[in-house]
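The lines below spell out each chain.
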Amino acid sequence: MPILPSLRRREPERRSPAEAVPPAPAPLAPRPWPRAVLVLLGIALTFAVLLGLHQLRDYVAPVFLALNLVLAAFPLQRWLIRLRVPGPLAALVTGTAIFAFLIGFFTALGWSAAAMVEELSSREYRQRYTEIYTDVVTWLERYGLEQDTLTEQLESALDPSRLIGALGGVLSNLGGILGLLTTTAIVIFFLMIDTLSAGRRLSLVKDQHPNVAHALVSFARGVRRYWVVTTVFGLMVALFDVIALVWLGVPLALAWGVLSFLTNYIPNIGFVIGLVPPAIVALLANGPVNALLVVAVYSVLNFVMQSLIQPKFTGDAVGVTPTITFISLVVWAWVLGPVGALLALPATLLVKALLIDADPAARWVNAFLASNPDTATAETTRESFEQGT
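Residues numbered from 1 in each chain as written. Predicted model: local features only at pLDDT ≥ 70, side-chain atom pairs only at ≥ 80, totals over all residues. Heavy atoms only, no water.

- Per an unreviewed UniProt entry, the chain goes by AI-2E family transporter and derives from Serinicoccus hydrothermalis.
- UniProt's Subcellular location (unreviewed entry) comment on the chain is quoted here verbatim: "Membrane". (UniProt positions renumbered as here; feature names shortened; annotations may be inferred.)

Shown next as structure tokens:
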């Protein structure tokens, strides 16, 4: 008996899997902030952090100086441990070496300053200074500048109250140096204790945040390479300076060599600071031609050693562009004071490690920071591939 159409059992229509369930509406993505707002917020936060560090520079500077010294001396401790020296004894020897370096550094600096003061205070240099002063005044009078005006300006500059104020500033700086050394010594003591468990702590960080651990290791290696290379090339430049000064007949050649070595740690302008005293002594002792020769020799040695040879040994992992180096010097000298001039490049490397190297998405910034952008980009690609595999 035929089944009526109305009584037939209707089968459900077959649909494709894509049409079986209608897609749910996609949630609306939050609208990102305008890039200009993010840039301004970043600049404001950066300035706030730098201002806070500036206010705490008396504490931050010695801590960071101690950290740099411990990182630079860590290969000595590791070498002693490989010789089966007990860990605490290796840390004690390494800490003693750091303290000896600090004492020698400031002792040599004080000896150079005292030698310069003693040399310039002799009667011979006073007479020579008077002659040069007379010649300069005579030359300036030709252009309408009267001697009475110069005398008044000198008297105002050499006013006893100003000299006493300057002397008080020097004494306060000496007190600040002693405080810096004391705080640095205390921090070094505790850091040397922590080095005994540094490897275990770093392995724990690596298990949870491998990018951060890798960035910290790269920072430590870069800082260590920077201090070692700077010290070696500082000794070489100082040796060449002493030889040149002896050949030119400049008094106190050894003192100026020590000053050249110490100021070599200040990037860009360090050689200028080390150049001024020997140039002045050469002018007073041997005349303007000899002073010009000193300037020429220092400039050539600095350009060849620090601009052509030293970057090849420092390596691309440490090297940054000259512009970044100069900006680092200006910024960190303001933030941390005179110690910031010594720690300018290590401080920049630390910021780079924490904000750029620790974040794979931000490592492209190395193309603008590294002295060799091709090598920096290739290194970033290789590290990302290794971490991905």
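Back to the write-up after that little detour.
1. Some thoughts on a nonpolar patch on the surface
Next up, step 1: Among the surface-exposed residues, Ile269, Val272, Ile273, Val276, Ile280, Phe326, Ile327 and Val330 lie close enough to one another that they form a single nonpolar patch of about 630 Å² accessible area.
Next up, step 2: Of all elements in the fold, only helix 11 (270-286) and helix 13 (322-336) reach the threshold of two or more residues within the nonpolar patch.
Next up, step 3: In terms of residues, the nonpolar patch owes the most to one element, helix 11, which gives four residues.
Next up, step 4: Take Ile273: it is sitting in helix 11.
Next up, step 5: Relative accessible area serves as the criterion here: at 41%, Ile273 is assigned to the partly exposed category. (Patch = residues over 30% accessible without salt bridge, like charges linked within 9 Å, V, L, I, M, F, W, Y side chains within 5 Å. Areas by Shrake-Rupley, 256 points an atom, 1.4 Å probe, with all protein chains shown as cover. Salt bridge = Lys/Arg side-chain N within 4 Å of Asp/Glu carboxyl O. Helix = DSSP H or I, 4+ residues; strand = E, 2+ residues; numbered from the N terminus. Buried < 20%, exposed > 50% of the residue type's maximum accessible area, 1.4 Å probe, protein only.)

2. What about the packing of helix 8 (residues 198-208) against helix 9 (residues 210-248)?
Next up, step 1: Taken N-terminus to C-terminus, the directions of helix 8 and helix 9 make an angle of 140 degrees; their axes are 5 Å apart at the nearest point. Taken together, helix 8 and helix 9 sit at an angle that is classed as oblique. Contacts between helix 8 and helix 9 involve Leu202, Val205, Lys206 and Gln208 on the former and, on the latter, Pro210, Val212, Ala213 and Val217.
Next up, step 2: In terms of residue class, the contact of helix 8 with helix 9 is built from six nonpolar, one polar and one charged. (Axes fitted to C-alpha atoms, helices over the stretch in contact; angles between N-to-C directions. Parallel < 35°, antiparallel > 145°, perpendicular 65-115°, else oblique. Contact = heavy atoms within 4.5 Å. Nonpolar A, V, L, I, M, F, W, Y, C, P; charged D, E, K, R; others polar.)

3. Quick look at helix 15 (residues 344-357)
Next up, step 1: The terminal C-alpha atoms of helix 15 lie 18 Å apart, and with 14 residues this matches the ideal 20 Å at 1.5 Å per residue to within 8%.
Next up, step 2: With ten of 14 residues buried, helix 15 is to be regarded as a mostly interior element.
Next up, step 3: Among the residues of helix 15, those classed as buried are Ala344, Leu345, Pro346, Ala347, Thr348, Leu349, Lys352, Ala353, Ile356 and Asp357.
Next up, step 4: Contact partners of the buried residues in helix 15: helix 3 (57-82), helix 9, helix 13, helix 14 (338-342) and helix 16 (366-369). (Expected span 1.5 Å × (residues − 1).)

4. Examining the nonpolar core
Next up, step 1: Formed by 43 residues in total, the largest nonpolar core has its most connected members in Ile98, Ile188, Phe219 and Trp332.
Next up, step 2: Those elements that place two or more of their residues in this core are helix 3, helix 4 (87-120), helix 7 (160-194), helix 9, helix 10 (253-263), helix 13 and helix 15.
Next up, step 3: Element by element, the count of residues in this core is highest for helix 3, at eight residues.
Next up, step 4: Setting aside residues no more than four positions away along its own chain, Ile98 makes contact with Leu69, Val70, Ala73, Ile188 and Met192. (Core = buried A, V, L, I, M, F, W, Y, C linked by side-chain atoms within 4.5 Å.)

5. Re the UniProt feature "transmembrane region" (unreviewed entry) in the chain
Next up, step 1: Residues given the UniProt feature "transmembrane region" (unreviewed entry) here are residues 36-53, 59-77, 89-114, 170-193, 226-259, 265-284, 291-309 and 329-355.
Next up, step 2: Secondary structure content for residues 59-77 is 100% helix and 0% strand, while the C-alpha to C-alpha distance between its ends is 26 Å.
Next up, step 3: The span residues 89-114 carries 100% helix and 0% strand; its end-to-end C-alpha distance comes to 37 Å.

6. Focus: the environment of Ala279
Next up, step 1: In this fold, Ala279 is placed in helix 11.
Next up, step 2: Taking the relative accessible area as the measure of exposure, Ala279 reaches 14% and is therefore buried.
Next up, step 3: Between the C-alpha atom of Ala279 and that of Tyr298, which follows or precedes it by 19 residues, the distance is 9.7 Å.
Next up, step 4: Setting aside its immediate chain neighbours within four residues, Ala279 contacts Ala291, Val294 and Val295.

7. Quick notes on the packing of helix 4 against helix 10
Next up, step 1: Viewed as axis vectors pointing N to C, helix 4 and helix 10 meet at an angle of 135 degrees, and their least axial separation amounts to 9 Å. Classified by the interaxial angle, the pair formed by helix 4 and helix 10 is oblique. Crossing of helix 4 against helix 10: the hand is left-handed. Between helix 4 and helix 10, the residues in contact are Phe105, Ala108, Leu109, Trp111, Ser112, Ala115 and Met116 and Leu254, Ala255, Trp256, Val258, Leu259 and Leu262, respectively.
Next up, step 2: Class assignment for the residues of the contact of helix 4 with helix 10 results in twelve nonpolar, one polar and no charged. (Left-handed = near helix turned anticlockwise from the far one by under 90°.)

8. Observations regarding empty space enclosed by the protein
To locate leftover empty space, one rolls a probe as large as a water molecule over the atoms.
Next up, step 1: Taken as a whole and assessed by the stated rule, the structure comprises one cavity of 30 Å³ or more.
Next up, step 2: Every residue along the wall of the largest cavity is listed here: Val237, Asp241, Ser260, Thr263, Asn264, Gly270, Phe271, Tyr298, Asn302 and Gln306.
Next up, step 3: Those elements that provide at least two residues to the lining of the largest cavity are helix 9, helix 10, helix 11 and helix 12 (288-314).
Next up, step 4: Of the residues forming the lining of the largest cavity, the biggest block, three residues, is contributed by helix 12.
Next up, step 5: A class-by-class count of the residues in the lining of the largest cavity yields three nonpolar, six polar and one charged. (1 Å grid on protein atoms, 1.4 Å probe; cavity = no way out; pocket = protein on both sides within 12 Å on 5 of 7 lines; lining within 4 Å. Points joined across faces, edges and corners; volume = space filled by probe spheres on them.)

9. Observations regarding a positive patch on the surface
Next up, step 1: On the surface, a cluster of positive charge is made up of Arg78, Arg82, Arg221 and Arg225.
Next up, step 2: Examined against the element boundaries, Arg82 turns out to sit in helix 3.
Next up, step 3: On the basis of relative accessibility, which here comes to 66%, the residue Arg82 falls in the exposed class. (Lys, Arg positive; Asp, Glu negative; His and termini not counted. Charge placed at Lys NZ, Arg CZ, Asp CG, Glu CD.)

10. A closer look at the confidence of the model for the chain
Keep in mind that low pLDDT regions are not for reading the predicted coordinates in detail.
Next up, step 1: Residues with a pLDDT of 70 or more make up 72% of the chain, whose mean pLDDT is 76.
Next up, step 2: Taking the mean pLDDT of every element in the chain, the minimum, 50, falls on helix 17 (residues 373-388) and the maximum, 90, on helix 3.
Next up, step 3: Segment residues 384-389: pLDDT under 50, and four contacts once partners within four positions in sequence are set aside and those in other chains are kept. (pLDDT = per-residue confidence, 0-100.)

11. Considerations on the packing of aromatic side chains
Next up, step 1: One pass over the structure, following the stated rule, counts seven aromatic pairs.
Next up, step 2: Judged by centre distance (5.4 Å) and plane angle (75 degrees), the ring pair of Phe189 and Phe190 falls under edge-to-face.
Next up, step 3: The partly exposed category is assigned to Phe190, whose relative accessible area is 47%.
Next up, step 4: Taking the centre distance of 5.6 Å and the plane angle of 75 degrees together, the rings of Phe261 and Tyr265 count as edge-to-face. (Phe/Tyr/Trp six-rings, centres within 6.5 Å; stacked < 30°, edge-to-face > 60°.)

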